[in-house]
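Coordinate inspection notes
Chain residues, written in single-letter form:
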Amino acid sequence: MEERPWWLESLRGWSYATYEILIQRLQSRHLKNPLPLPPLDDVTCIVTGSTSGIGLEIAKQLALSRAHVVMAVRNKPAACDLIQKWQQEFGDLSMEVMELDLLSLKSVVNFAKAWNMRSKPLQVLINNAGIFSIGQSIKFSKDGYESHIQINHLGPALLSILLLPSLGKSSPSRIVNVNSIMHCMGVVDPNDLNFTKEQHNFKSAKAYSSSKLAQIMFSSILQQWLPPEIDISIVCVSPGVAHTNVIRDLPKPMQVGYHLIPYFLLTAQEGARSALYAATDPQIPDYCRSLKTKERPLCAYVSCDCRFVNPSKKAENLTVAEEVWERTLDMVGLPIDAVDKILQGKEVWCQFQDD
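The following refers to the structure shown. Remember, it's a predicted structure, so these values are computed and weren't measured experimentally. (Residues numbered from 1 in each chain as written. Predicted model: local features only at pLDDT ≥ 70, side-chain atom pairs only at ≥ 80, totals over all residues. Heavy atoms only, no water.)

**Overview of the environment of Glu146**
Looking at where Glu146 falls in the secondary structure, it is placed in the loop between strand 4 (124–127) and helix 5 (147–162). Judged by its relative accessible area of 0%, Glu146 falls in the buried class. As a C-alpha pair, Glu146 and Gln88 span 58 residues in sequence and 40 Å in three-dimensional space. Glu146 has contacts with Ile138, Lys139, Phe140, Asn194, Phe195, Phe202 and Ala207, leaving out every residue within four places of it along the chain. (Helix = DSSP H or I, 4+ residues; strand = E, 2+ residues; numbered from the N terminus. Buried < 20%, exposed > 50% of the residue type's maximum accessible area, 1.4 Å probe, protein only. Contact = heavy atoms within 4.5 Å.)

**Here we look at the nonpolar core**
One finds Ile46, Leu158, Ile161, Leu163 and Leu334 to be the most contacted residues of the largest nonpolar core, which totals 61 residues. Counting only elements with at least two residues in this core, the list comes to strand 2 (68–73), helix 4 (105–118), helix 5, helix 6 (164–169), helix 7 (204–225), strand 6 (232–237), helix 12 (318–331) and helix 13 (338–343). It is helix 5 that contributes the most residues to this core, 8 residues altogether. Discounting residues that sit within four places of it in the chain, Leu334 has contacts with Leu158, Ile161, Leu162, Leu329, Val348, Trp349 and Cys350. Listed in part, the 45 residues of the second largest apolar core include Ile58, Leu62, Val73 and Tyr277. (Core = buried A, V, L, I, M, F, W, Y, C linked by side-chain atoms within 4.5 Å.)

**Describing unusual backbone geometry**
Note: most peptide bonds trans; most residues except glycine with negative phi. Along the chain, Asn33 connects to Pro34 via a cis peptide bond; the corresponding omega equals 0°. Its location among the elements puts Pro34 in the loop between helix 1 (6–27) and strand 1 (44–48). Omega for the peptide link from Ser171 to Pro172 comes to 5°, which places this bond in the cis form. Within the fold, Pro172 resides in the loop between helix 6 and strand 5 (173–178). Unlike most non-glycine residues, Ser119 shows phi in positive territory, near 55°. Examined against the element boundaries, Ser119 turns out to sit in the loop between helix 4 and strand 4. A positive phi is found at Cys306, a non-glycine position, where the angle reads about 60°. Structurally, Cys306 is set in the loop between strand 7 (300–302) and helix 12.

And the structure:
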């Protein structure tokens, strides 16, 4: 099938996003805010990017439901200040802070190694941290990768695989990836995930949406690689279009328009509901198991109104997804059989780890 030009995919993608903005409150009217959660005693959750926006609300609500919450963040002082504030407001909460910088794959490796060495349970990993540098020029991490693809896809993918030992020991467990409706406008080229060929015509919206599409594809293949006896559910979620710190990256004219539609935008607390649902609802494991029995299995996808939906048709292209899987493992420095080795208890060397 001939690939549609990017401008057409972009138009379709923005139309989907606009439609979601206009109807998301109506669709979500049945949900309470904050989302009621079951008691989470003896449940440990790692939440990346949890010092602001949706991630902050996710971490807070999990802690209030008595989970042990690990805030995996770049800014440790900011996270410590939040915990102190919440302790004063709500009483004793089980929370801690660990440093994680998704712009450094070495930081991801060090984080996973430090956590796995504790031999403590891990029931939920929430890959929330992400960026959308709207309108900005291409930027690369010190690892040499475009910032959207590294923070939104490569970093979370590496973290998820390296934490499989802890997640496997604690099964049933879950990996929740905060995704976006904008994956619909993504165009994934497995041979150019780093946008090397497009530096002269780089568009941040394309980089963002493509990184989110790649995340769904990778998640679908990872779910297939996990044997039934390793009961780990993988779920991608759309938080909806929420009023968060993404506005900092908008050009000033767009910031004005962003403020003109406050009624249609979700709050960060409302945007957190789909991730919280995916992390705690008891029907998630059964639903993920049912997907693995289908002819063309995909990872589970939850909309902003906490309903199971299908991702875009492009996400169903498992041929491309397999290529994304292989290219991703290569980019993060893992062997193609990394998952099998890790689940067998073998040590896997990553090129980004210390010698």
